[in-house]
Amino acid sequence: MFLPWAFVTTTAPSRTTTSQADATLTSGASRRFDRVRAAGVAAALGAGLVSSVQSRVNGSFGAALGNGFLAATINFASALAILGVLVAFSPKARNGLVRVWDSLRAGRPGASDAMKAAHPGVAGIGRLRWFQVIGGAAGGLFVTAQGITVGSLGVALFVVAVTAGQSVSSLFCDRLGFAPGGKRAITLGRAVGPALAVAAVLVSHWRNLGSGQNLGLVALPVVAGVFVAAQHAVNGRVETTASHARFGDRVDRGAGALAATFVNFLAGTVVLLVALGVSLLIQGLPSGGFPSEWWMYTGGALGVVFIGTAAAVVHRIGALLLALSLIAGQITGALLLDLAGGGTPAVTTLIGVALTLAAITVPAITTRNPAR
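Residues numbered from 1 in each chain as written. Predicted model: local features only at pLDDT ≥ 70, side-chain atom pairs only at ≥ 80, totals over all residues. Heavy atoms only, no water.

Re the nonpolar core
Note that soluble globular proteins tend to have their nonpolar side chains buried in a common cluster.
(1) Moving on: Membership of the largest hydrophobic core comes to 51 residues, with the highest contact counts inside it found for L83, F265, I317, L321, L322, L326 and I360.
(2) Moving on: Counting only elements with at least two residues in this core, the list comes to α2 (15-65), α3 (68-88), α7 (155-175), α8 (188-204), α10 (253-283), α11 (299-340) and α12 (347-366).
(3) Moving on: For this core, the element with the most residues is α11, which contributes 17 residues.
(4) Moving on: What L322 contacts, discounting residues up to four positions off in sequence, is A44, H232, A310, V313, V314 and I317.
(5) Moving on: Listed in part, the 10 residues of the second largest apolar core include L104, A242, V263 and A311. (Core = buried A, V, L, I, M, F, W, Y, C linked by side-chain atoms within 4.5 Å. Buried < 20%, exposed > 50% of the residue type's maximum accessible area, 1.4 Å probe, protein only. Helix = DSSP H or I, 4+ residues; strand = E, 2+ residues; numbered from the N terminus. Contact = heavy atoms within 4.5 Å.)

Observations regarding the environment of V238
(1) Moving on: As for its position among the elements, V238 is in helix α9 (residues 219-243).
(2) Moving on: V238 gets classed as buried once you look at its relative accessible area, which sits at 1%.

Notes on α3
(1) Moving on: Given a rise of 1.5 Å per residue, 21 residues ought to cover 30 Å, and the 30 Å separating the end C-alpha atoms of α3 matches this to within 8%.
(2) Moving on: Listing the buried residues of α3 in full gives F69, L70, A71, A72, T73, N75, F76, A79, L80, L83 and V87. (Expected span 1.5 Å × (residues − 1).)

Focus: the pattern of salt bridges
(1) Moving on: Across all of its chains, the model carries 1 salt bridge by this definition.
(2) Moving on: In this structure, the salt-bridge partner of D102 is R105, at a minimum N-O distance of 3.8 Å. Taken together, the residues span about one helical turn, with D102 and R105 both in helix α4 (residues 91-107) at a distance of 3 residues. (Salt bridge = Lys/Arg side-chain N within 4 Å of Asp/Glu carboxyl O.)

Structural measurements only, silent on function.
Shown next, in the form of structure tokens:
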């Protein structure tokens, strides 16, 4: 016999039971979110380590050639060639590039209603706009800022200025929802991270800060740092768009990261070719010859790992944690390279490494799910 009260009793648990179930689900989701975030931070730290090696390689390559623009252009072009081969053998990555192109066409102001209906965009970020696919141009700006200001400011003050711009910009990229993953409010814990990151770089390079000759030039590397943070944010949008299938909910993050990295280096190579042309017109042909050491030509491959990893994890951890993790990896990598070369790290360097790790930890443990 069917009993209405029995049906209600078995299918509608008490309010206490429902609350307990909801709490259990929320707790489980929170633990999964924390694990994903920890894995993303670890990957970004690794990318920062790779970046520190890349900086040494590119610096040596540029010194050997006698032209930093030429070295950067060769590295970007070699990275683009590597990515071109990988994309050629990856149908999923090629499909991702098609999705990026279709999203751009549907997102332009004059797009037809039929085009917009066929390509509604990815939930949470919509369609791509033209300025969101030229993130690689920030790499060209960064190299240009190096070439213009490092001779006057010194490497230490340049790094401090870039770190200040990058860490603060990443905080606002998250607040405005510029990166995929939703908006993340500016809280005290998240604001402490950029302050600690700048302090870490200041402490690490304190001995060399006196080399700056023209403090008015500091604005250029600060602006470069601002755009580097935006670069990672928009690359994440490209990666998310490329990852999602045109129909259905299928997601392929690997193919998406490959497509986004290709787009990044395509834009960066174009910008650097223009900068190189201007440099050659002003300075003439470089004085140095091409070095014979094979490792000096690995900067492009290292850049693929660095940019690809950043594009793959920014939607998981946000622009702020990504920037702080990259900075921590770069400073730690510099320390390890000094140790490998037989050098003895200064106390200020060790303090700087500790501060960068604190800069990651504070925002990581105080950040909750993105605010929508």
